[in-house]
Amino acid sequence: MNLVNFRFETGADGVALLTWDMPGRSMNVITYEVMDELEQVIDKVASDAAIKGCVIASGKSAFSGGADLSMLQQSAAQYAKARAERGEDVANKEFFEGSRRLSLLYRKLETCGKAFAIAINGVCLGGAFELALACHHRVLADNEKTKVGLPEIKVGLFPGAGGTQRVARLLQTADALQFLFRGEQLKAKQAVGAGLAHELAPAEEMVDRARAWIVNGGSAKAPWDVPGFKNPSGRVFSPGGMMVWPAANAIYRRETYDNYPAAKAILHAVYEGLQLPMDLGLRVESRWFAHILRSKEAAAMIRSLFLSKNELEKGAHRPHDIPPTNLKKVGILGAGFMGAGVAYVSALNGLQVVLIDRDQDSADKGKAVCDKLISGQVSKGRASAADKEALLSRIEATPDYARLKGCDLIVEAVFEDRAVKAEATKKAQEVVGPDVVFASNTSTLPITSLAETSLRPDNFIGIHFFSPVEKMLLVEIILGKKTGDLALATALDFVRVIKKTPIVVNDSRGFYANRCVLNYVREGHIMLLEGVPPAMIENTARMAGMPVGPLSLNDEIALDLAWKILVAAKKDLGEKAADPAQERVLSFMVEKEGRFGRKNGKGFYDYPAGGKKTLWPGLAQLAKEPLDPDALDVEELKQRFLVVQAVEAARTLAEHVVTDPREADVGSILGFGFAPFTGGTLSYIDGMGAKKFVALCDALAQKHGPRFEPPQLLREMAEKNQTFYGRFAKQAKAA
Amino acid sequence: MPEAYVYDAVRTPRGRGKPDGSLHEVSSLGLAVTALKAIKERNHLDGAEIDDVVLGCVDPVGEAGGDIARAAAIAAGLGTETPGVQINRFCASGLDSVNFAAAQIMSGQHELAIGGGVESMSRVGIGASGGAWPVDPTIAIPSYFMPQGVSADLIATKYGFTRDDVDAYAVQSQQRAARAWEEGRFKRSIVPVKDVNGLTILDRDEHMRPSTDMQSLASLKPSFAFFAEQGGFDAVAIQAHPEVEKINYVHHAGNSSGIVDGAAAVLIGSKEAGERIGAKPRARIRAFANIGSEPALMLTGPIDVTKKLLARARMALSDIDLIEVNEAFAAVVLRFMQAFDLDSEKVNVNGGAIAMGHPLGATGAMLLGSAVDELERSGKSTALVTLCIGAGMGTATIIERV
């Protein structure tokens, strides 16, 4: 055997040890080469009479993260090529056979007649855990870092190398479906407790235990290959099955709005597979896997949620010639909700924090917020008391600007008022001087103009956090006209330290994310005026893929805040800056009815103490005329929500606010939950095709107004049959 | 085209569909045989005159499986030459059996046939036959499968029926059924179920609770809320009808059809066949229709099929004197009346399945028999019989007294 990615040695006891240890990689992943070598090993073990069985282990600190997702993504491109060259039938057949290679390989291992045991230390996910499931015996290292799971669903895929079939034959059907749907990682103890693995052992003993299991005559037959095997939940068509399947189908819809074909494929594969013998079950799983692997949802989700996200996190837009900034200490101005949140995530990730507010009390309040957040983690068992103490010791709450001395970065998060911000900037710079990068966490004020209050506008940048800071994964970095490379590199390094995903945008009112979101909220307002039943507005928005309805979202943001922004925009930019529909809705809610949103217990919803929120019946007064819901086109309502955001995203690209489609996509999903199955705002357009999208925009514009009109850029793309990723690939690569 | 006439219609009383129900000791076959035997004896048939026996059965498995119609035909003494076929269109099976039998006559291929149905819900159990619809994602997901009770609650929510509305309807059903029994309005159709010794096992619908009032119903908890919320079906309902913010759970055992055991049979034949056996026609089958309707609401098919049928028969609803809409759930009938702007004067005048129960495969034939009896009693002319059906369908038949 000629192995590069594995070491293979047979012991005196006749048990072979296969150590997976890919050169030049920190983590083992499944590649074509790995499959080739694994196949050789299986053949060797099966055919060599001197080998009794084989233990598989990893030579790395983790077992494996699973399949190489870029390999999976490329396979879709190869399919397209094969289809163009050899026709659909041939391409489909090739793709089906190719995409089930890993599944067949694992089945070969499982049925080769020799016992395979696996010893897992560290994470073992996806295709790697499917390898484990195909082994006859699974030993997990009894430590915190050992976790197993099938997270494929999170990138629009599902376990296609036997995972659905084996899990469904190991667990009760309801548990199996939940495990597959959620894609969660189980700790070693949980996995053994659930029945997904056989034994726990100290990491240093696990290989010996696995070996001992083989030496002691462990069976080379999986339970489902033993005659008389019964599924843990019995037959699908049984009273027990009737308790599971109708609800499983309904819960699928509840959780996905039927937008995630991979989740549905899990249902199909398990439902059909449980009625078949293993080999046919695997074949059916493969049929669905090939189908899903070719789906545009999988392609879009792999690209945005895995590949692009990783690239952005690694600093795709970081200026290359600035050396690592090595941040140690940050100063945060303003200990309000946002400032405290920034302080928390900074301290959580090891930074020293000086948290400033106008008096000690206010500063302490901010630190108390951090205390509450980390205490919550401790009570959930996600952090220790020592972690908490260390974190809090890193935060110095003070009104004394002099304490900012030595900070590597200042983040300003004071009240959204130019004068207040200018004052804070001035006081901080008096201490730290002009050379320390200064970042403003404004969400509404242009960075370029704020930078003018700084001693060095080139060292001034926007870092826009989303609320709540500790939960939201996205950070928008905003370049003012004069922002320089050092500021950008520092901001990106900071975002990397606090483990958020950055997008870099050019200065514009609302930057990127809020521009899209505000359009979404406004569409809800407009529908209210049209007379669309309020529940239908909220429900169709969620059905379109948004995490919360526009009215709910507006209640969370606060209606009076939205109203103030609208009034301010009018003051700054003139009468035309305000949308009259939105003005009517907000003035009615805020000025006339005193409904400010969740914060005063009444907004578009009523918030009864201790009860569930319900839509305020008074919303009917806003309707021009109540519309018959059965006469409304649900698909069109859904499209309006997505299109109005996507077309705004296209405008931001046309205006060079956003310069890289990856940032628009990743930013839209992480920042405001834009229908993740689409891959994000621009992938949504690419997925539909520019031509079709422009036609849809034109139709919506004609019916509902110019807010749907596409920018010239899109018309040009439609004409040339271009995609964002095609047209802007250069920018994406150059970055 | 030959006309199809109703010559006779019988039904067993409906026994409570539980192990303590009077008919629990009687097999599905026994119930069907009771109805078929009555047709044979009351019409002095030899048996060989019958060209076919069509029986509806919704859970045709176990003792009710394997073509119970043929088994019942032989066991009822109709002779070995009488064939039988069992059909299933869920809750309308009994009416569809009558329509299938009528179609055989109208097509001129058969002369005399029996349509009917049987269901021993206490013995076989609702849902016992399984089926892809609720289970297989291929159909459960796109058809918005949810339990019928959740669909009924969705109808009540969407069309604005309150708990009081549905309870008041249920009280009326009980009162009307009680009056009908008191006045002997079902006398002509009811065939007591007897044992081998001729001893009566049951001769009266035993599910009824004539003393039901608003207060007694108010104490009942909604039946479908828990399952809807735990099983995710509330979300399915809302995604199908997104103008609904939350489901108003109003249905319970007291305003939904009762689970019961029973069987029914209707003798249908051509004019000539009737003359041959010396029977007098009681009603003419004027027209019938089937339709598929919105599957999430599931139970609004009677509205769609009535529209289709009236158009086909070139009639208006005002031409109909009497309407039987199966009381699967109170909201089904309330929505039917709302859609056609009907008051309850000519709808379910002798009560329905809320009071007397709904033996799934048999109910349609029972309703048709009740309509014939009531037309004769009241001297009216035309009746419409219709039922809502699982997975969103409707079946309807118009008959005319002769």
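Residues numbered from 1 in each chain as written. Chains lettered and ligands numbered in written order. Predicted model: local features only at pLDDT ≥ 70, side-chain atom pairs only at ≥ 80, totals over all residues.

## A closer look at helix H25 (residues 634–654) of chain A
Residues and elements named next belong to chain A.
Consideration 1: An ideal rise of 1.5 Å per residue puts 30 Å on 21 residues; H25 measures up with 30 Å between its terminal C-alpha atoms.
Consideration 2: Within H25, 17 of the 21 residues are buried, leaving the element largely enclosed by the surrounding structure.
Consideration 3: Among the residues trailing H25, His 656 stands out with phi positive, at a value near 60 degrees. (Helix = DSSP H or I, 4+ residues; strand = E, 2+ residues; numbered from the N terminus. Expected span 1.5 Å × (residues − 1). Buried ≥ 20, exposed ≤ 12 C-beta atoms within 10 Å, placed from the backbone.)

## Digging into the interface of chain A and chain B
Consideration 1: In this assembly, 29 residues from chain A lie in contact with 21 residues from chain B.
Consideration 2: The set of elements that each furnish at least two residues to the side of chain A that touches chain B consists of helix H10 (239–256), helix H11 (261–273), helix H21 (534–544) and strand E21 (614–615) of chain A.
Consideration 3: Top element by residues in the side of chain A that touches chain B is H10 of chain A. It accounts for 11 residues. (Contact = placed C-beta atoms within 7 Å.)

## Re the confidence of the model for chain B
Consideration 1: Put simply, chain B has an average pLDDT of 97, and 100% of its residues get 70 or more.
Consideration 2: Here the prediction assigns the complex a pTM of 0.94, and the interface score ipTM is 0.95. (pLDDT = per-residue confidence, 0-100.)

## Overview of the packing of H21 of chain A against H25 of chain A
Residue and element names in this part refer to chain A.
Consideration 1: Relative to each other, H21 and H25 sit at 70 degrees, their axes nearing to 8 Å. Judged on the interaxial angle alone, H25 and H21 are roughly perpendicular. For the pair formed by H21 and H25, the contact residues are Thr 540, Ala 541, Met 543 and Ala 544 on the first element and Val 634, Leu 637, Lys 638, Phe 641 and Leu 642 on the second.
Consideration 2: Residues of the contact of H21 with H25, tallied by class, amount to seven nonpolar, one polar and one charged. (Axes fitted to C-alpha atoms, helices over the stretch in contact; angles between N-to-C directions. Parallel < 35°, antiparallel > 145°, perpendicular 65-115°, else oblique. Nonpolar A, V, L, I, M, F, W, Y, C, P; charged D, E, K, R; others polar.)

## Examining the environment of Ala 73 of chain B
Residues and elements named next belong to chain B.
Consideration 1: As for its placement among the helices and strands, Ala 73 is situated in helix H2 (residues 68–75).
Consideration 2: Its 28 C-beta neighbours within 10 Å are what place Ala 73 among the buried residues.
Consideration 3: The spatial distance from the C-alpha of Ala 73 to the C-alpha of Leu 36 is 7.1 Å, given a sequence separation of 37 residues.
Consideration 4: Apart from residues lying up to four places away in sequence, Ala 73 is in contact with Leu 36, Val 53, Leu 78, Thr 82 and Gly 84.

## Things to note about the sheet that holds strand E9 (residues 147–149) of chain A
Residue and element names in this part refer to chain A.
Consideration 1: Strand order in this open sheet of three strands is E7-E9-E10, and the pairing throughout is mixed. A strand with exactly one partner marks an edge of an open sheet, and here the two such strands are strand E7 (124–125) and strand E10 (185–187).
Consideration 2: Sheet topology note: the E9/E10 ladder contains three bridges and is antiparallel. Across the sheet, residue Lys 147 finds its bridge partner in E10, namely Lys 187. (Pairing = 2+ DSSP bridges.)

## A short note on the sheet that holds strand E2 (residues 15–20) of chain A
Residues and elements named next belong to chain A.
Consideration 1: Read across the sheet, six strands follow the order E1-E2-E4-E6-E8-E11 without closing on themselves; strand pairing throughout is mixed. Two strands lie at the open edges of the sheet, namely strand E1 (6–10) and strand E11 (199–201), each paired on one side alone. Ignoring strand direction, the axes of neighbouring strands in this sheet form an average angle of 20 degrees.
Consideration 2: Across four bridges, the pairing between strand E4 (residues 53–58) and strand E6 (residues 115–120) is parallel. From the neighbouring strand, Gly 53 faces E6, where its bridge partner is Ala 115.
Consideration 3: Helix-sheet contacts for helix H1 (residues 32–47) involve E1, E2 and E4, and the interaxial angle to E1 is about 10 degrees.

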